[in-house]
Structures are given as C-alpha cells and as structure tokens.
Amino acid sequence: MTMLRRTCKEATALMVAREDRALPWVERLALRLHLAACQACPRMERQLLTLRKAFANWRHYSDQDSA
Amino acid sequence: MIPFLHTMGIENDLAAHRPYLLRFARLQLRNDTWAEDAVSETLLAALAKPQSFGNRSQLRTWLVGILKHKVIDLLRQRKREVALETDEGDGGEELDALMFKADGHFQSAPAEWGDPQQELSTRQFFQVLEACTEQLPAAMGRVFLMREWLELSSDEICKELALTPTNLYVQLHRARLRLRECLELNWFGNRPAAK
C-alpha cells in the first residue's frame with residue numbers, strides 16, 4: 001500500500017494538477033484514498049473548487065455587457 | 001469628409017469600451033505596449049466591419065471575443081519573450097514551506113471557506129481576484145490567464161509558447177497556490193462572518 005500513500009503536500013499537488021491535466025489512474029486512486037482518511041485535505045479540495053467557480057464567474061463577467 | 005451618423009455612433013461606443021478592454025489585455029499580456037496594440041487591433045477590426053454585430057447591447061461581448069483572438073495572435077508572435085522570460089525567484093519553495101511542514105503535513109489545516117456563491121459574483125470580489133492575479137510574476141501570470149481567461153488547454157499553451165509540459169505545470173501549480181493564498185489573506189480569511 002505504500003505505493004498509494006500520499007502526504008497532504010502530495011495530495012494538494014495532485015488536486016492542483018488536475019485543474020490543468022488528467023491524472024494517471026494510480027494518482028487518482030491514491031488521492032481518493034488520502035481524501036477518505038484525511039481531515040484537512042477535503043477542505044483544501046473545497047477551496048480549490050471554490051477557486052474554480054470563482055474564475056468561471058470572473059470569465060463570464062469579463063465577457064458580459066452588464067458588468 | 002463628413003462621417004455618417006451611425007459611424008460616429010459606433011466610434012463613440014467603441015471608445016467607451018476601450019478602458020475595459022485595456023484592463024483585461026494588460027492583465028493577460030503584462031506589457032502595456034502589447035496591450036495597447038491588441039486593443040487597437042481589436043477596435044480597428046470592429047470598425048472595419050461594424051455590420052457584423054447587429055445588437056449594440058452585445059457590443060462588449062463581441063469586442064471581448066475579438067480581443068481574445070488578437071491577444072492569442074500577439075502571444076504567438078512574441079512567444080520567445082513570453083516563454084523564455086524566467087521569473088527570478090518565483091517563491092515556489094517559500095510558499096511550500098509556508099503551507100507544509102517538512103514531513104508533508106499542513107502547517108495549519110486549510111480554513112473552511114464555505115460555498116459563497118453570492119459573493120463570488122460581486123465586483124468587490126473580482127477586484128481582489130484581479131489584484132491577486134496581477135501580483136503573480138509576469139510569465140506565470142500570462143500562462144495562468146491563458147488557461148483561465150483565454151481558456152486554452154494545457155496542450156495548446158505548450159504548443160503556442162513552445163513550452164515543455166513540465167515547465168507549464170510547475171508554473172500553473174505555483175500560480176494556483178499563490179492565488180489561493182492571496183484570496184485567503186485578502187478575502188476569505190478576512191471577511192465579516194458569512195450570513
């Protein structure tokens with residue numbers, strides 16, 4: 001199982017990376033295992049999701065006449 | 001030559017949108033001369049065929065669409081300068097040390113930001129978001145906005161700028177962590193309690 005063990009730093013790097021590229025399946029699996037066992041990383045995951053939404057809103061705002 | 005009234009109309013309308021276009025061009029290009037060029041070309045293109053937009057209320061949307069194409073052209077032409085410019089001491093290690101202990105645990109657990117859909121669409125929030133983006137080192141900020149504003153894929157960015165994927169991912173990774181940090185400091189960690 002050690003090949004699937006990730007630290008919070010590594011898990012965060014994977015969560016950030018998947019905004020820009022598809023992760024290999026081993027990394028996806030390792031990340032899921034880490035998220036299931038970790039208290040802190042699901043919060044980081046929610047923060048990164050909020051950032052994703054924020055930039056989608058901003059992009060939309062940059063394209064709109066109403067702004 | 002006496003300009004036709006409707007032509008004068010569009011000139012005024014275009015002039016009114018210029019500052020707005022310039023703001024996004026500057027944010028993306030990080031170079032005032034390039035930004036001026038991209039916006040000028042956008043306005044010239046708009047003047048050359050004003051008939052191609054029918055509804056004046058959607059003028060800005062139309063202009064931003066043209067601007068994005070002009071900006072991509074410019075990044076492509078200038079790719080040597082855009083891509084070869086390495087950011088001196090971009091702080092990647094410092095940020096890592098701020099966030100994580102040597103054993104890979106968080107220094108302090110990430111805060112709960114909640115799911116603040118409403119406030120994520122306010123002008124005040126966008127101002128902070130843009131200010132944080134502006135604080136990224138120039139080369140990093142450019143590739144980051146190529147992803148988030150121009151909506152290019154990682155493959156396309158590598159191709160346009162002749163970057164290696166590894167180089168691009170390092171830049172994007174650092175940009176995202178810096179922005180997270182900046183928004184934590186200047187917005188999420190610092191706002192009145194959520195209603």
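Rules used in this analysis
- Residues numbered from 1 in each chain as written.
- Chains lettered and ligands numbered in written order.
- Predicted model: local features only at pLDDT ≥ 70, side-chain atom pairs only at ≥ 80, totals over all residues.
- Helix = DSSP H or I, 4+ residues; strand = E, 2+ residues; numbered from the N terminus.
- Rg over C-alpha atoms; globule rule 2.2 N^0.38 Å.
- Contact = placed C-beta atoms within 7 Å.
- Core = buried A, V, L, I, M, F, W, Y, C linked by C-beta atoms within 7 Å.
- Buried ≥ 20, exposed ≤ 12 C-beta atoms within 10 Å, placed from the backbone.
- Expected span 1.5 Å × (residues − 1).
- Arc of directions from axis to C-beta.
- Domains from an automatic or database assignment.
- Nonpolar A, V, L, I, M, F, W, Y, C, P; charged D, E, K, R; others polar.
- Axes fitted to C-alpha atoms, helices over the stretch in contact; angles between N-to-C directions.
- Parallel < 35°, antiparallel > 145°, perpendicular 65-115°, else oblique.
- Left-handed = near helix turned anticlockwise from the far one by under 90°.

1. A closer look at the overall build of chain A
So, point 1. For chain A, the count of helices and strands is three helices and zero strands.
So, point 2. For 67 residues, the compact-globule estimate of 2.2 N^0.38 gives 11 Å, and the C-alpha radius of gyration of chain A, at 15 Å, exceeds that figure by more than 25%.
So, point 3. Projected onto its principal axes, the C-alpha positions of chain A cover 55 × 25 × 15 Å.
So, point 4. Expressed as a percentage of contacts within chain A between residues at least 6 apart in sequence, the contacts between residues at least 24 apart total 60%.

2. Here we look at the nonpolar core
So, point 1. If you look at the biggest cluster of nonpolar residues, it comprises 43 residues, and the most contacted ones within it are A25, A38, L67 and V143 of chain B.
So, point 2. Looking at this core, the element that brings in the most residues is helix 3 (residues 59-77) of chain B, giving seven residues.
So, point 3. Residues within four places of A38 of chain B in sequence aside, it is in contact with A25, L29, L67, K70, V71 and L74 of chain B.
So, point 4. A11, V16, A30 and L31 of chain A belong to the second-largest nonpolar core, a separate cluster that totals ten residues.

3. Some points on helix 2 (residues 25-37) of chain A
All names here are of chain A.
So, point 1. Between its first and last C-alpha atoms helix 2 spans 19 Å; for 13 residues at 1.5 Å apiece the expected length is 18 Å, and the two agree.
So, point 2. Listed in full, the buried residues belonging to helix 2 are A30, L31 and H34. Within helix 2, the buried residues cover an arc of 100° as seen down the axis, which keeps them to one side. Facing away from the buried side of helix 2 by more than 90 degrees, the exposed set consists of W25, R32 and A36.
So, point 3. Considering only its buried residues, helix 2 is in contact with helix 1 (8-17) and helix 3 (41-63).

4. Concerning the domain arrangement of chain B
All names here are of chain B.
So, point 1. Partitioning chain B into structural domains gives domain 1 (5-77) and domain 2 (87-190).
So, point 2. Taking the mean C-alpha position of each, domain 1 and domain 2 sit 27 Å from one another.
So, point 3. If you look at the interface, domain 1 gives eight residues, while domain 2 gives ten residues.
So, point 4. For the side of domain 1 that touches domain 2, the element with the highest residue contribution is helix 3, accounting for five residues.
So, point 5. Its residues assigned to classes, the side of domain 1 that touches domain 2 shows four nonpolar, one polar and three charged.

5. So, the packing of helix 1 of chain A against helix 2 of chain A
Residues and elements named next belong to chain A.
So, point 1. Where helix 1 contacts helix 2, the axes come no closer than 10 Å and their chain directions differ by 125°. Relative to helix 2, the element helix 1 lies oblique. Here helix 1 and helix 2 pass one another in a crossing that is left-handed. The segment helix 1 lies against helix 2, with A11, L14 and M15 engaging E27, L31 and H34.
So, point 2. Looking at the contact of helix 1 with helix 2, its residues break down into four nonpolar, one polar and one charged.

6. Observations regarding the interface of chain A and chain B
So, point 1. Facing 29 residues of chain A, the contacting portion of chain B comprises 32 residues.
So, point 2. Looking at the side of chain A that touches chain B, the elements that each hand over two or more residues are helix 1 and helix 3 of chain A.
So, point 3. Among the elements that take part in the side of chain A that touches chain B, helix 3 of chain A stands out by supplying 15 residues, more than any other.
So, point 4. When the residues that make up the side of chain A that touches chain B are grouped by side-chain class, the tally is eleven nonpolar, seven polar and eleven charged.

7. Considerations on unusual backbone geometry
Residue and element names in this part refer to chain B.
So, point 1. The phi dihedral of R30 is positive, around 60°, even though this residue is not glycine.
So, point 2. Position of R30 among the secondary structure elements: in the loop between helix 1 (5-29) and helix 2 (32-48).
So, point 3. Judged by the 20 C-beta atoms lying within 10 Å of it, R30 is buried.
So, point 4. In this model, A162 sits at a positive phi of 55°, which is unusual for a non-glycine residue.
So, point 5. Along the chain, A162 falls in the loop between helix 8 (154-161) and helix 9 (165-186).

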